[in-house]
Amino acid sequence: MTAKSTWEITSHFLDISRLTIDETLFHIANGYVGIRGNFEEGYEEAYDTIRGTYINGFYDFSEVKHGEKLQGFIEKKQKIINVTDVQGIELFIAGDRFSVFEGEVLDYKRVLDMRGGFTNRHILWKSPQGHILEIDIKRMASFVKPELVVIEYGVKSINYEGELTLISTQLGEVSNYFNPNDPRVAAELENHLTVKEIKREDYVDFICSETSASGLSIVSAVKHIISTRSEMESTSDTRSLTSRIKFNIKEGDTEKLTKYCIFTDSIRHTDCCQGAAISMYEAVKIPLQELYSAQTKYLDAFWDKADVTIEGDAMLQQGIHFSIFQLLQSVGKDKYSNIAAKGLSGEGYEGHYFWDTEIYMLPFFILTNPQIAKNLLNYRYEKLEDARQNARLLSHQKGALYPWRTISGSECSAYFPSGSAQYHINADIAYMFVQYYLATGDVRFMIEKGAEVLFETARLWMDTGHYVKDSFRIDAVTGPDEYTCIVNNNYYTNVMAKYHLQWAVKSYQLLEENSRMEPLTDKMNIIEEEVQSWREASEKMYLPYDEALAINPQDDSFLSKAQWDFENTPQNHYPLLLHYHPLYIYRHQVCKQADTVLAHFLLEDEQNLQTIQNSFEYYEKITTHDSSLSTCIFSIVASKLGHVEKAYEYFMQTARLDLDNTHHNTKDGIHTANMGGTYMGIVYGFAGLRIKETGLFFNPVIPHKWEGYGFKLCYQNRVIGVQINRGSSVFKLLEGKKIGFYISGNYYELQDEVIVTKDSVNQINEKEMEGTNA
């Protein structure tokens, strides 16, 4: 694999068995709109497809039916919907319709270019009558103009002279994918979009549609530009627009159709149709090559800060580039959207936003693009009132509880044991407000928005928890492990709540010091006694600990359960959630994903290194990693413990999860949290980065298969370059003033460059083994 190829995902032959997987891997998106990598001409009916176009934050409601509906159960949920299909382009030559399933494919290559930000499909095709055409189809979702998607359809004649016909479609009647047997996708077929108006103005075709329940509107607009003289006939019905384009081609010539596609919605536009018309006018007046150049320039700036380099493993380097690129494609870049669990690549988890954003994806943006990180946190601030209402729905009189899964702010989880019961989402969000503050020093944002989120969510802990023999306990919650539900004193939840309450107090003090507390006092009716109750609860938080095993039990009852019989569980019975009743799973010591181990990563100073080691070894034996959120965390903690090659093994399972379809559901969309975990596996894992109130910490190690690795990070208005080699670790101050930081427990001042020799690489500071971490 060449250096260039690590920037590309390439398919050199047509694999019919991977059609829906490739639809995901070759999708294009820009954080606003995403289009799956379907063939423009479609497939034969015998082949499955998930043909989809999605807008971040654009949703409809679906009814939630309960056989036995109890108080607080949700009655409706939001879901991302498949919007107008603008992909369709069919090619006809001498009566034959181009299809890779007919005639003969002489050459085939498909590429996702992560430096240029586009996909390209190249086919050398012989028609049933023997005419040979070279077809190149390039797609781009513009990062510079988010409403714009371009499809450039090129045809070169090899041995044919005569008429070609292109039929381009815009389809307003679309539906979402469903599978009633898989809880990770929608279970019912529903049509969510109704076409309200179809029109053509100034050679631009518009379809104006409205959702069936949420009352949102969307407009798609399409304009065609052909490189040669042609005849174009446009027709329409009540649900679609079709453009039939005829032109002549000579042997050896190449002709191109450029299809400009615009999407606008009523969340972001007061007049969607006018917004689409303006966006189209602005797009088509820019030469196409300038649009491509602008895309490359945008990505050059992105990769300058975001790239992570690996020396000695090209396949892994490709996986890392893919993960980072998908985070950029997936992340919403305005106040109306966030990052869905599948990005904009598919309909898995119905387009919902989870805690994944905070714990797995925000670290990447905090360190590479703090403004996007700020936007994501601002989304949570904007949804704070919805979180208050969600708390009331769950019978809490005070405070706010963020929904487990949502788009517009209300709860979408119909199964509360592994959904709404995951109260730790409040602490997860609070944790990342604090991480952003520590990494950026953005006091203003913490004062104006972060503090209110921390205060209101801290109140929820006081209404949820209670005192037993002078210790604060939290009952009937679910931690990150969805194979263990409704438990008392989940270690992860309790320790994260402790940190949350500590920082609620510190945020109160920050506002007091800046004379900014009075407005919030008036708004939220906060008094000193309430703040003192947060401090006391954090100090007296109960953290489960087992003396015999010297570990933190996952919860009060976890260690008393029967252990899962892994030896006699067939390999095809994983993931367990698809083969065993939830109650059967809940009765056993078996973890879907990192839970206590995750807490040991995020809040490592709460336990000494030996306890972390013991917990890691215990939970490693009973964790299935059925969740894509798991292996990256085990890799990070293994790195901390000095198990470098074990960390590498876990990391390899993380870095190419979608490229190799190891979870067998890539067809439903990429795993965005896992992609954030890939980044964290290097930066927080092998490089040992931690951002704490006491400063910036590194504890670098290097797998034996690598010659080195490097990255940049943004920290408190500085840019720091990090290069870890087999013999040394090099830290460079690329932008900003000098700063102090720690490497393997030793303090350094970075003014220009710090080089630490081999003795500090691939070892754990011995002082850590003696007690609490630095």
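Residues numbered from 1 in each chain as written. Predicted model: local features only at pLDDT ≥ 70, side-chain atom pairs only at ≥ 80, totals over all residues. Heavy atoms only, no water.

Peer 1: Sorry, what's going on with the pairing of strand β18 (residues 240–249) here?
Peer 2: Each regular strand carries side chains that alternate between the two faces of the sheet. By the bridge criterion, ten bridges tie strand β13 (residues 162–171) to β18 in an arrangement that is antiparallel. In the sheet register, S168 faces β18, and the bridge partner there is S243. Bridge analysis of strand β17 (residues 231–236) against β18 gives six bridges, and the strand direction is antiparallel. Within the sheet, the bridge partner assigned to T235 lies in β18 and is T242. (Pairing = 2+ DSSP bridges. Helix = DSSP H or I, 4+ residues; strand = E, 2+ residues; numbered from the N terminus.)

Peer 1: What's the story with the sheet that holds strand β26 (residues 695–698) in this structure? I'm lost.
Peer 2: Across a sheet, paired strands are connected by hydrogen bonds in the backbone, their directions being either parallel or antiparallel. As summarised here, the arrangement of the four strands in space is β25-β26-β30-β31, forming an open sheet in which the pairing is mixed. Only two strands of the sheet have a single neighbouring strand rather than two, namely β25 (690–692) and β31 (746–750). Ignoring strand direction, the axes of neighbouring strands in this sheet form an average angle of 30°. Bridging between strand β30 (residues 739–743) and β31 involves five bridges; their strand directions are antiparallel. (Axes fitted to C-alpha atoms, helices over the stretch in contact; angles between N-to-C directions.)

Peer 1: What is the right way to read the state of the cysteines from this model?
Peer 2: Here a disulfide denotes one covalent bond, and it connects the sulfur atoms of two cysteines. Counted under the stated rule, the structure contains zero disulfides. Here C412 is not cross-linked by a disulfide; its sulfur's nearest cysteine counterpart is in C485, at 19 Å. Free of any disulfide, C632 has its nearest neighbouring cysteine sulfur in C591, separated by 15 Å. (Disulfide = S-S within 2.5 Å.)

Peer 1: Help me understand a negative patch on the surface in this model?
Peer 2: On the surface, a cluster of negative charge is contributed by E512, E513, E528 and E529. The set of elements that each furnish at least two residues to the negative patch consists of α10 (491–513) and α12 (528–539). Within the element layout of this structure, E528 appears in helix α12. (Patch = residues over 30% accessible without salt bridge, like charges linked within 9 Å, V, L, I, M, F, W, Y side chains within 5 Å. Areas by Shrake-Rupley, 256 points an atom, 1.4 Å probe, with all protein chains shown as cover. Salt bridge = Lys/Arg side-chain N within 4 Å of Asp/Glu carboxyl O. Lys, Arg positive; Asp, Glu negative; His and termini not counted. Charge placed at Lys NZ, Arg CZ, Asp CG, Glu CD.)

Peer 1: Just to check I follow, could you spell out the sheet that holds strand β28 (residues 719–725) for this structure?
Peer 2: With antiparallel pairing, the five strands of this open sheet are ordered in space as β20-β27-β28-β29-β32. Looking at the sheet topology across the chains shown, the edges are occupied by β20 (308–311) and β32 (753–757). Adjacent strand axes in the sheet meet at a mean angle of 10° when their direction is disregarded. Relative to strand β27 (residues 708–714), β20 runs antiparallel, the two sharing four bridges. Across the sheet, the residue bridging to E311 is G708, located in β27. Running over the sheet, helix α18 (residues 672–686) touches β20 and β27 and is turned about 95° from β27. (Contact = heavy atoms within 4.5 Å.)

Peer 1: How should the packing of helix α9 (residues 443–464) against helix α11 (residues 517–524) be read in this particular structure?
Peer 2: Two numbers describe a pair of packed helices, the interaxial angle and the distance between the axes. Orientation of α9 relative to α11, taken along the N-to-C sense of each, is 40°, at an axis distance of 11 Å. With respect to α11, the element α9 is oriented oblique. Relative to α11, α9 is oriented so that their crossing is right-handed. Residues A451, E452, F455, E456 and R459 of α9 pack against M517, L520, K523 and M524 of α11. Within the contact of α9 with α11, the residues separate by chemical class into five nonpolar, no polar and four charged. (Parallel < 35°, antiparallel > 145°, perpendicular 65-115°, else oblique. Left-handed = near helix turned anticlockwise from the far one by under 90°. Nonpolar A, V, L, I, M, F, W, Y, C, P; charged D, E, K, R; others polar.)

Peer 1: Can you help me understand the packing of helix α6 (residues 370–382) against helix α8 (residues 424–440) in this one?
Peer 2: Direction vectors running N to C along α6 and α8 enclose 145°, while the axes themselves pass 11 Å from each other. Judged by the twist between their axes, the crossing of α6 over α8 is left-handed. Across the interface between the two elements, P370, A373, K374, L377 and R380 of α6 pack against I425, I429, M432, F433, Y436 and T440 of α8. Of the residues in the contact of α6 with α8, the class split is eight nonpolar, one polar and two charged.

Peer 1: When you look at unusual backbone geometry in this model, what are you seeing that I'm missing?
Peer 2: Most peptide bonds take the trans configuration, and most residues that are not glycine carry a negative phi. Backbone torsion omega between Y574 and P575 reads -5°, so that peptide bond is classified as cis. Following the sequence through the fold, P575 ends up in the loop between β23 (562–563) and α13 (582–586). Here the phi dihedral of K469 falls at roughly 50°; this positive angle occurs in a residue that is not glycine. Given the relative accessible area of 81%, K469 is considered exposed. The phi angle at N489 is positive, at roughly 55°, despite the residue not being glycine. Considering the arrangement of structural elements, one finds N489 in the loop between β22 (471–473) and α10. (Buried < 20%, exposed > 50% of the residue type's maximum accessible area, 1.4 Å probe, protein only.)

Peer 1: Please explain α18 as it appears in this structure.
Peer 2: Along an α-helix, a turn takes 3.6 residues, which lines up residues three or four apart on a common side. For α18, with 15 residues, the first-to-last C-alpha span of 21 Å sits near the 21 Å given by 1.5 Å per residue. Of all the bends found along α18, the most pronounced is centred on M680 and spans about 40°. Of all 15 residues making up α18, 15 are buried, and the element is well covered by its neighbours. (Expected span 1.5 Å × (residues − 1). Bend = angle between axes of the 7 residues up to and from the residue.)

Peer 1: For this particular structure, what's the right way to read the packing of aromatic side chains?
Peer 2: When we look at a pair of aromatic rings, we describe it by the centre distance and by the angle of the planes. Overall, the coordinates contain 44 aromatic pairs when judged by the stated rule. Ring geometry for F98 against W125: centres 5.1 Å apart, planes inclined by 85°, an arrangement best described as edge-to-face. Taken together, the residues span a long stretch of sequence, with F98 in the loop between β8 (96–97) and β9 (104–113) and W125 in strand β10 (residues 118–126) at a distance of 27 residues. Looking at F98, the relative accessible area reads 0%, which means it is buried. (Phe/Tyr/Trp six-rings, centres within 6.5 Å; stacked < 30°, edge-to-face > 60°.)

Peer 1: Honestly, helix α2 (residues 272–284) in this entry has me stumped. Any pointers?
Peer 2: The end-to-end C-alpha distance of α2 is 18 Å, a good match for the 18 Å that 13 residues give at a rise of 1.5 Å each. Along α2, the residues classified as buried are C272, C273, G275, A276, S279, M280 and A283. Summarising the axial view, the buried residues of α2 lie within an arc of 160°, below the 170-degree limit, and thus occupy one face. (Arc of directions from axis to C-beta.)

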